[in-house]
Amino acid sequence: MSDFSDGFLWGAATSAYQTEGSFDVDGRGRSVWEDFADRPGAIEGGGDASVACDSYRRWPEDIALLEQLNLGAYRFSLAWSRIMPEGTGAVEQRGLDHYERIVDALLERGITPVVTLNHWDMPSALMACGGWAARRTVDAFAEYADTAAERLGDRVPWWITQNEPWIIQLLGYQLGLHAPGVRDLGAALAAGHHLLLAHGAATDAMRTHTTGRIGAALNLLPCIPASSDPADVEAARGSDGYVNRWFLEPLLGRGYPPDMRAHWERALGRNLDEVIRDGDESRIAGRSDFLAVNYYTHRVMQAAPIGPDRPFPWQVVADPSAARTDEGTEIVPESLTELLLRLHHDYPGVPLMITENGAIYGDSPTHDGRVHDVRRIRYLRMHLQAVRDALAQGAPVVGYMHWSLLDNFEWALGYRPRFGLVYVDYRTGDRIVKDSARYYAEIVRAGHLVEWDHKRPIGQVVDSLGAFG
Ligand code: IFM
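Residues numbered from 1 in each chain as written. Predicted model: local features only at pLDDT ≥ 70, side-chain atom pairs only at ≥ 80, totals over all residues. Heavy atoms only, no water.

(A) Here's a closer look at the site of the ligand. In the neighbourhood of the ligand, the contacting residues comprise Q18, H119, W120, N163, E164, Y296, E356, W403, E410, W411 and F419. Note that a nitrogen atom of the ligand is positioned 2.8 Å from one of the side-chain N or O atoms of E164. Protein chains shield 89% of the accessible area of the ligand, which is 280 Å² for the free molecule. Looking at side-chain class alone, the shell around the ligand contains five nonpolar, three polar and three charged residues. (Near = heavy atom within 4 Å. Polar contact = N/O pair within 3.5 Å; in protein donor to acceptor, adjacent residues only side chain to side chain. Areas by Shrake-Rupley, 256 points an atom, 1.4 Å probe, with all protein chains shown as cover. Nonpolar A, V, L, I, M, F, W, Y, C, P; charged D, E, K, R; others polar.)

(B) Examining the nonpolar core more closely. Ranked by size, the top nonpolar core spans 136 residues in total, and within it W33, L78, W132, W264 and L291 carry the most contacts. With twelve residues, helix α8 (residues 185-206) is the largest single contributor of residues to this core. Counting residues in each nonpolar core, the second largest holds 15 residues, with A73, A217, M401 and W403 among its members. (Core = buried A, V, L, I, M, F, W, Y, C linked by side-chain atoms within 4.5 Å. Buried < 20%, exposed > 50% of the residue type's maximum accessible area, 1.4 Å probe, protein only. Helix = DSSP H or I, 4+ residues; strand = E, 2+ residues; numbered from the N terminus.)

(C) Structural view of the packing of helix α13 (residues 374-392) against helix α14 (residues 435-446). One way to put it is that α13 packs onto α14 with a least axis distance of 8 Å and a crossing angle of 30 degrees. The angle between the axes of α13 and α14 places the two elements in the roughly parallel class. Together, R376, I377, L380, R381 and L384 of α13 and D435, S436, Y439, Y440 and I443 of α14 make up the contact between the two elements. (Axes fitted to C-alpha atoms, helices over the stretch in contact; angles between N-to-C directions. Parallel < 35°, antiparallel > 145°, perpendicular 65-115°, else oblique. Contact = heavy atoms within 4.5 Å.)

(D) Region of interest: the sheet that holds strand β6 (residues 223-225). Pairing is mixed in the open sheet, where three strands are placed in the order β6-β8-β9. Each of the sheet's edge strands pairs with one partner strand only, and the pair in question is β6 and β9 (314-317). The mean angle between the axes of side-by-side strands here comes to 45 degrees, regardless of whether they run parallel or antiparallel. As judged from the four bridges shared by strand β8 (residues 299-303) and β9, these two strands associate in the antiparallel manner. Counterpart to Q302 in the pairing with β9 is Q315. Docked against the sheet, helix α9 (residues 230-251) engages β6, β8 and β9, running at close to 125 degrees with respect to β8. (Pairing = 2+ DSSP bridges.)

(E) Structural view of unusual backbone geometry. The omega torsion across A179 and P180 is 5 degrees, close enough to zero to call that bond cis. Along the chain, P180 turns up in the loop between α7 (165-174) and α8. Omega for the peptide link from W403 to S404 comes to 10 degrees, which places this bond in the cis form. In this fold, S404 is placed in the loop between β13 (397-403) and β14 (422-424).

(F) Representation of the pattern of salt bridges within the structure. For the coordinates displayed, the defined rule picks out 40 salt bridges. The closest approach of N and O atoms between D62 and R431, which form a salt bridge, is 3.0 Å. On the criterion of sequence distance, the pair formed by D62 in helix α3 (residues 55-68) and R431 in strand β15 (residues 431-433) is long-range, its members being 369 residues apart. For D62, a relative accessible area of 2% corresponds to the buried category. As a salt-bridge pair, R245 and D259 come within 2.8 Å of each other at their nearest N and O atoms. Linking R245 in helix α9 with D259 in helix α10 (residues 258-268), this pair joins segments that are 14 residues apart in sequence. With a relative accessible area of 7%, R245 lands in the buried category. (Salt bridge = Lys/Arg side-chain N within 4 Å of Asp/Glu carboxyl O.)

(G) Highlighting the sheet that holds strand β3 (residues 112-118). In space, the eight strands of this closed barrel follow the order β1-β2-β3-β4-β5-β7-β12-β13, with parallel pairing throughout. Between one strand axis and the next, the sheet turns by 25 degrees as a mean value, whatever way the strands run. One ladder, built from five bridges, connects strand β1 (residues 9-13) with β13; its direction is parallel. Its bridge partner lying in β13, L9 is registered against G399. Packing of helix α12 (residues 333-346) onto the sheet brings it into contact with β7 (290-294), β12 (352-356) and β13, and relative to β12 it is tilted by some 140 degrees.

(H) Structural view of the pairing of β3. Burial analysis of β3 places seven of its seven residues in the buried class, the great majority of the element. Here strand β2 (residues 73-77) runs beside β3; their pairing, made up of five bridges, is parallel. Directly across from F76, in β3, lies its bridge partner V115. Strand direction decides the pairing type here: β3 and strand β4 (residues 158-163), joined by four bridges, are parallel. Within β4, the position partnered with T116 by the bridge is I160. The handedness of the β3 to β4 crossover, carried by helix α6 (residues 136-152), is right-handed. (Right-handed = clockwise from strand over helix to strand, strands pointing away.)

(I) Here's a closer look at the packing of aromatic side chains. Counting across every chain of the model gives 32 aromatic pairs. Between W33 and F36, the aromatic rings sit 5.2 Å apart at their centres with planes inclined by 75 degrees, giving edge-to-face as the arrangement. In this pair, W33 and F36 are both assigned in helix α2 (residues 32-37), three residues apart and thus about one turn of the helix distant. Side by side, W33 and F36 carry an identical accessibility label, which is buried. Within the aromatic cluster, the residues linked to one another by ring pairs are Y17, F23, W33, F36, W120, F409, W411, Y415 and Y426. It is R82 that lies over the ring of Y56; its NZ or CZ is 3.8 Å from the centre. (Phe/Tyr/Trp six-rings, centres within 6.5 Å; stacked < 30°, edge-to-face > 60°. Lys NZ or Arg CZ within 6 Å of the ring centre and 35° of its normal.)

(J) Main features of the packing of α8 against α10. Between α8 and α10, the least distance of the axes is 10 Å, while the angle of their chain directions is 150 degrees. Classified by the angle their axes make, α8 and α10 are roughly antiparallel. Seen along the crossing, α8 lies across α10 with a hand that is left-handed. Contacts between α8 and α10 involve L185, G186 and L189 from the first element and W264, A267 and L268 from the second. (Left-handed = near helix turned anticlockwise from the far one by under 90°.)

Here is the structure:
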């Protein structure tokens, strides 16, 4: 019997900037990430994404991989600067043609495209007016979304407007650790709000071209108090407001949560009416056909004094009992079940798609040429079990996209962290299917969780993988 519903979307995810390379091809404009990567020390190892996985040229190979892994869905993103090199105005048809070829090739193979519009690589030109901190960027994004949907809307059934607005707000505009490298709390607040407003405006623009479902992807982090001390409980609630509810509540129709609004007002020393204007919340609400959930870990929270580098009265502390990935991320699959049940409870009727979940493990090919990433196998199994448990309790989960199909450019961390089901040799561009991918392919084929049989010769696990194995 199948553990997952018929029609459950099994897939893998990537993004344009992290995989494509070919910056100077087909009229692509510059993006804020090239500007950021040019700053000395911005990217670990000093690399950039100008080649990455070379997927702009090797995309047929990537699609063949999806097919051979039995995957029924592919989440990828469009590069805004390939479609509108200056952010607004002139449209580069070659960029649209490229993505149209990918969509058509996926559909020909029965693979459902799940298309993200903003996976962080905003055109540089838009920084002249402040990027996401500027309200006029909302209109620019709606224009881009309209253009993309006009070309692809008849064929793409799932659209994601924004990927992880909290990360853009926090790392891009508050801490300056991601592009565009701004460190300004007020700019961060504005950026987060404009990303949500842009979701609303983009959705309105796209509706005339598509009957596909439109949503935004939030990286949700369950916040757990470090102790039963009421101050820690309050810290966990505050952090939940900052990371999760600040985005969930307006998107799903309830407006910004007043407790977090008060935290922002105190931290900024002013009210938010200049940024969050009358009527804005109703331009964000009611425009999500589904919620895209990116899940990696939880946050254990402790009360902490406000200070120059701590605008809110809480801090993250380590969970000593948790297992960790190679990057130190705490592995807590049971939190995924709880999260999905909470979303089901708080926002009934909203379909949930897991659009990212994965782990950094540095395994590389061994003497036999294979990548035996047994820890990723275990990670994948535990998280799929968590999804299955949530489904069994009624959570409307419609799909699971593993992050990532390929090892790729992990932003400010460069190429060291490897998230892929498929290993990429960055010197040659060659792809090597990892054991975890073979295991995932077996699960997908079976439609339920299967055990990984270490003893079985790997070549027999997925018969069709020969060409890539
Ligand atoms: O690689 C990123 C992705 O671009 C956005 N979500 C988190 C992933 C892993 O850090």
